[in-house]
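# A closer look at the structure
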Amino acid sequence: MNAFDRFFEITQRGSTLSREIRGGVVTFFTMAYIVVLNPLILAGGVDKDGAQLPITALAAGTALVAGLMTILMGVVGRFPLALAAGLGVNALVAYEIAPEMTWADAMGLVVIEGVLIAILVLTGLRTAVFKAVPTQLKTAIGVGIGLFLMIIGLVDAGFVHRVPDAANTTVPVELGTGGKLMTWPIVVFVIGLLITLVLFVRKVKGAILIGILGTTAIAIVVEAIAKPGGWSLNTPALPEQIIDTPDLSLLGQFNVLDSWTTAGPLVVLMFIFTLLVTDFFDTMGTMVAVGQEGELLDAEGMPPRTKEILLVDSVAAAAGGVASVSSNTSYVESASGVGEGARTGVASLVTGALFLVAMFFAPLVKVVPFEAASTALVVVGFLMITTVRQIDWSDYTIAVPAFLTVTLMPFTYSISNGIGAGIITYVLLKAATGRIKEIHPLMYGIAALFVLYFARGPLESWIL
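Everything in this summary refers to the structure shown in the same document.

With that out of the way, let us pick up unusual backbone geometry. Residues other than glycine seldom take positive phi values, yet Glu295 does so here, at roughly 55°. Along the chain, the position of Glu295 falls in the loop between helix H12 (265–293) and helix H13 (306–322).

Structure below.
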């Protein structure tokens with residue numbers, strides 16, 4: 001066993017270098033969409049002066065920060081977890097925070113939030129909160145994220161659509177369009193998913209990666225022959241340009257002071273609180289889910305090097321603000337790489353390196369459509385929900401919170417919402433049945449924070 005193997009514990013965790021590389025590649029392809037999607041979301045926002053951020057610089061910055069922070073996770077956290085600009089948080093920054101101040105001010109709040117979370121990690125509070133959550137509730141978090149991944153995959157591939165308001169129906173979502181799978185992109189997704197499932201069930205090495213690449217190849221052929229259009233985000237066609245020089249002009253364009261006078265202290269504090277709670281608990285859920293998938297959690301549901309993982313995640317939040325690409329956070333799509341065999345930080349090194357390469361090869365990243373990458377999310381979603389049997393469904397004081405955690409994540413499209421509902425009902429039901437001794441003291445504070453989090457709508461309307 002060489003020093004590299006010992007440092008990353010490759011053999012100790014039952015993995016091999018080839019599995020780590022394969023897992024890192026799968027995670028990258030499952031997450032690569034963020035290099036395109038994050039710029040589209042942020043560039044769609046306008047600050048109080050009517051300014052917009054340049055999309056090319058956003059793309060380069062998104063790939064740069066994702067690459068550096070994921071590599072940092074690999075070296076410091078030594079955990080197969082990749083990081084990138086957080087979805088949901090970027091929309092909050094673009095459409096709620098930026099209109100109240102300048103872009104530099106908005107990104108400054110992201111930096112402040114990242115620093116605050118880092119302080120919580122260094123003081124041990126963030127780890128203590130993580131330990132305070134009951135093991136079975138952590139299991140429910142992993143199951144909920146599995147369903148969340150599945151619905152993300154189905155929606156991104158167009159297999160599931162939101163029913164238009166004009167349809168005059170109470171049904172919120174439907175199969176395909178008008179209840180029919182009538183487009184070539186959806187057909188490609190279905191074929192790719194079936195191929196991936198067959199490979200997976202037959203235990204073919206690299207099944208998920210083969211599925212992504214094979215589905216992409218099918219998509220390119222279909223687009224070239226039938227030219228159907230209608231692909232989600234990326235059109236699968238060979239690019240005219242392969243290499244593009246990255247624009248890093250947004251680096252360092254942040255301000256941590258002016259927002260307090262521009263928008264007012266109360267508004268700023270509410271925004272920081274929302275950012276902090278979202279990042280804080282999303283990461284907790286993601287870390288549990290990925291560790292659960294790779295069987296890397298201990299008896300208390302804690303992954304190895306928890307403090308280091310949380311610290312890197314906190315640094316990534318601040319780094320996203322420094323680069324003006326919004327808060328970076330741990331990505332649940334990392335579970336796709338773990339499903340392919342990744343167990344150590346080596347996979348993160350591979351994923352991070354590919355993100356850095358993507359800065360220069362952005363046109364190639366755009367070749368893989370959602371319809372191809374989404375096949376991995378559905379398969380991994382299945383793997384993650386299998387732990388649902390570990391929950392004691394006969395004890396309603398844990399079963400009800402677990403149920404709400406599992407269901408609200410996919411149905412509200414938010415990890416934090418599911419965790420919040422689970423924690424609040426857990427504390428309430430344990431107290432209501434006289435089992436107060438089973439509640440960790442920190443859980444009261446966490447539940448109170450989530451009550452404020454869910455009430456932030458009325459609070460914001462009052463403050464704003």
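Still more ground to cover, so stick around.
Looking at where Lys430 falls in the secondary structure, it is placed in helix H19 (residues 415–432). Look past the residues within four positions of Lys430 in its chain and what remains in contact with it is Asp395, Thr397, Arg435, Ile436, Glu438 and Ile439.

Enumeration according to the criterion identifies nine aromatic pairs in this entry. Seen from their ring centres, Tyr453 and Phe454 are 5.5 Å apart, and the 65° between their planes marks the pair as edge-to-face. You can call Tyr453 buried: its relative accessible area is 3%. The partly exposed category is assigned to Phe454, whose relative accessible area is 38%. Grouping aromatic residues by their ring pairs yields a cluster made of Phe4, Phe7 and Phe8. The ring of Phe7 is capped by Arg78, whose NZ or CZ atom sits 3.7 Å from the centre of that ring.

Take helix H20 (residues 441–454) next. Taking 1.5 Å per residue as the helical rise, H20 with its 14 residues ought to reach 20 Å, and the 21 Å between its terminal C-alpha atoms agrees with that figure. Every buried residue of H20 is listed here: Met443, Ile446, Ala447, Phe450 and Tyr453. Buried residues of H20, seen end-on, are gathered within an arc of 110° and therefore sit on one face of the element.

This part takes up the packing of H12 against H20. Their axes nearest at 11 Å, the elements H12 and H20 cross at an angle of 125°. Put simply, H12 runs oblique to H20. In this structure, H12 meets H20 at a crossing whose hand is left-handed. Contact residues: H12 offers Phe273, Val277, Thr278 and Phe281, while H20 offers Ile446, Leu449, Phe450, Leu452 and Tyr453. Within the contact of H12 with H20, the residues separate by chemical class into eight nonpolar, one polar and no charged.

Let's shift gears to the pattern of salt bridges. Considering all chains together, one arrives at nine salt bridges under this definition. Between Lys48 and Asp49 there is a salt bridge, with the nearest N and O atoms lying 3.1 Å from each other. Taking the relative accessible area as the measure of exposure, Lys48 reaches 42% and is therefore partly exposed. For the salt bridge of Glu438 with Lys430, the shortest nitrogen-to-oxygen distance reads 2.6 Å. By relative accessible area, which is 41% here, Glu438 ends up partly exposed. Put simply, Asp395, Lys430, Arg435 and Glu438 are held in one network by salt bridges that share partners.

Remark: helix H6 (residues 103–122) packs on H13, axes separated minimally by 7 Å, with the N-to-C direction vectors making an angle of 165°. The orientation of H6 with respect to H13, classified from their angle, is roughly antiparallel. By crossing handedness, the relation of H6 to H13 is classed as left-handed. For the pair H6 and H13, the contacting residues are Met107, Val110, Val111, Glu113, Gly114, Val115, Ile117, Ala118, Val121 and Leu122 in the first and Lys307, Leu310, Leu311, Ser314, Ala317, Ala318, Gly321 and Val322 in the second.

Parameters at a glance
Once a new chain begins, its residue numbering starts again from 1 and follows that chain's sequence as written. Local features in a predicted model are, by the rule used here, given only for residues with pLDDT of at least 70; side-chain atom pairs are given and counted only at 80 or more, and totals for whole chains, interfaces and linings are based on all residues. No hydrogens and no water enter the side-chain calculation; it runs on all heavy atoms of the structure. Helix numbers and strand numbers start at the N terminus; a helix is a DSSP run of H or I with at least 4 residues, a strand a run of E with at least 2. Any two residues whose heavy atoms approach within 4.5 Å are treated as being in contact. Working definition: a ring pair exists when centres of Phe, Tyr or Trp rings (six-membered ring for Trp) sit within 6.5 Å. Plane angles under 30 degrees give stacked, over 60 give edge-to-face, the rest tilted. When accessible area is computed with a 1.4 Å probe and restricted to protein chains, residues below 20% of their type maximum are described as buried, those above 50% as exposed, and intermediate ones as partly exposed. By definition, being over a ring means that NZ of Lys or CZ of Arg is both within 6 Å of the ring centre and within 35 degrees of the ring normal. To estimate the expected span of a helix, subtract one from its residue number and multiply by 1.5 Å. Directions from the helix axis toward the C-beta atoms define the arc. Only the stretch in contact is used when a helix axis is fitted, and all axes are lines through C-alpha atoms; the angle between N-to-C directions ranges over 0 to 180 degrees. Roughly parallel means an angle under 35 degrees; roughly antiparallel, over 145; roughly perpendicular, 65 to 115; everything else is oblique. Crossings are classed by handedness, with left-handed meaning an anticlockwise turn of the near helix from the far one by less than a right angle and right-handed meaning a clockwise turn. When residues are sorted by character, Ala, Val, Leu, Ile, Met, Phe, Trp, Tyr, Cys and Pro go into the nonpolar class, Asp, Glu, Lys and Arg into the charged class, and all the rest, Gly among them, into the polar class. In what follows, salt bridge is the name for a side-chain nitrogen of Lys or Arg lying within 4 Å of a carboxyl oxygen of Asp or Glu.

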